[in-house]
Amino acid sequence: MEWLIPVLIIVALVAIIGIYLWATYNSLVTLKVRVDEAWSDITVQMKRRADLIPNLIETVKGYAAHERSVFENVTKARAESLNAQGPAEAAAAENHMQTALRSIFAVAEAYPQLQASQNYLQLQGELVDTEDKIQASRRFYNGGVRELNTKVQVFPNNLIARNLGFTQRDFFEVSDSAAIAEPPRVQF
């Protein structure tokens, strides 16, 4: 009978450790899936925006055909955005896309007939809506990354998370914070 108490203590400790590992693993999987889902949302919205851009370019081209460099920059930024792999590349592509879109809207401001075009206004509205959705998706993604990274880093999770294949993820950050520090200036 003396051996029963130590055996029960060992069994209880093994059960507690097993439950802890099970709960930790499941919570890490849940956070990983949430981050993957959020990244998917970002890519869907960026693809939607990339699909809108050729229509916007064609509409603006009809009014401002001589602004060739603006259209080339937007096209390059669109391609870069579509080919981005991972948050770091996507953030860099996002910065280039924002700069290119600002330039096309600046060109559009110089043409009052274009500003009155229903097609242009509709495309601009859809693009603004998509930009808002991208921002919301970025916030959701970064929130999920924050939760996952915290869970992976805290003790004692950090002792087992890496062994189970969980690593920290990159935030989707703006690489050039000066670019968004102040509103764009339109100069002709």
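Fair warning: this is a prediction, and the values are worked out from it, not measured in the lab.

Caption draft 1: The UniProt feature "transmembrane region" (unreviewed entry) in the protein chain, seen in detail. Residues given the UniProt feature "transmembrane region" (unreviewed entry) here are residues 6–25. What you have in residues 6–25 is 100% helix and 0% strand, and the ends, taken at the C-alpha atoms, are 28 Å apart.

Caption draft 2: Geometry of the packing of aromatic side chains. Going through the model one piece at a time under the given rule, you end up with three aromatic pairs. Ring geometry for Tyr25 against Phe166: centres 5.7 Å apart, planes inclined by 70°, an arrangement best described as edge-to-face. Here the residue Tyr25 occupies a position in helix α1 (residues 4–61), and Phe166 occupies one in the loop between α6 (157–161) and α7 (177–181), the gap between them amounting to 141 residues. Residue Tyr25 is classed as partly exposed on the basis of its relative accessible area of 37%. Here Phe166 falls in the buried class, since its relative accessible area comes to 6%. With 5.4 Å between their ring centres and 55° between their planes, Trp39 and Tyr141 make a pair best called tilted. Of this pair, Trp39 sits in helix α1 while Tyr141 sits in helix α5 (residues 118–153), placing them 102 residues apart in sequence. Each of the two residues, Trp39 as well as Tyr141, counts as buried. Grouping aromatic residues by their ring pairs yields a cluster made of Trp39, Tyr141 and Phe172. Sitting over the face of the ring of Phe172, Arg138 holds its NZ or CZ atom 4.4 Å from the ring centroid.

Conventions and cut-offs
Residues numbered from 1 in each chain as written. Predicted model: local features only at pLDDT ≥ 70, side-chain atom pairs only at ≥ 80, totals over all residues. Heavy atoms only, no water. UniProt positions renumbered as here; feature names shortened; annotations may be inferred. Helix = DSSP H or I, 4+ residues; strand = E, 2+ residues; numbered from the N terminus. Phe/Tyr/Trp six-rings, centres within 6.5 Å; stacked < 30°, edge-to-face > 60°. Buried < 20%, exposed > 50% of the residue type's maximum accessible area, 1.4 Å probe, protein only. Lys NZ or Arg CZ within 6 Å of the ring centre and 35° of its normal.

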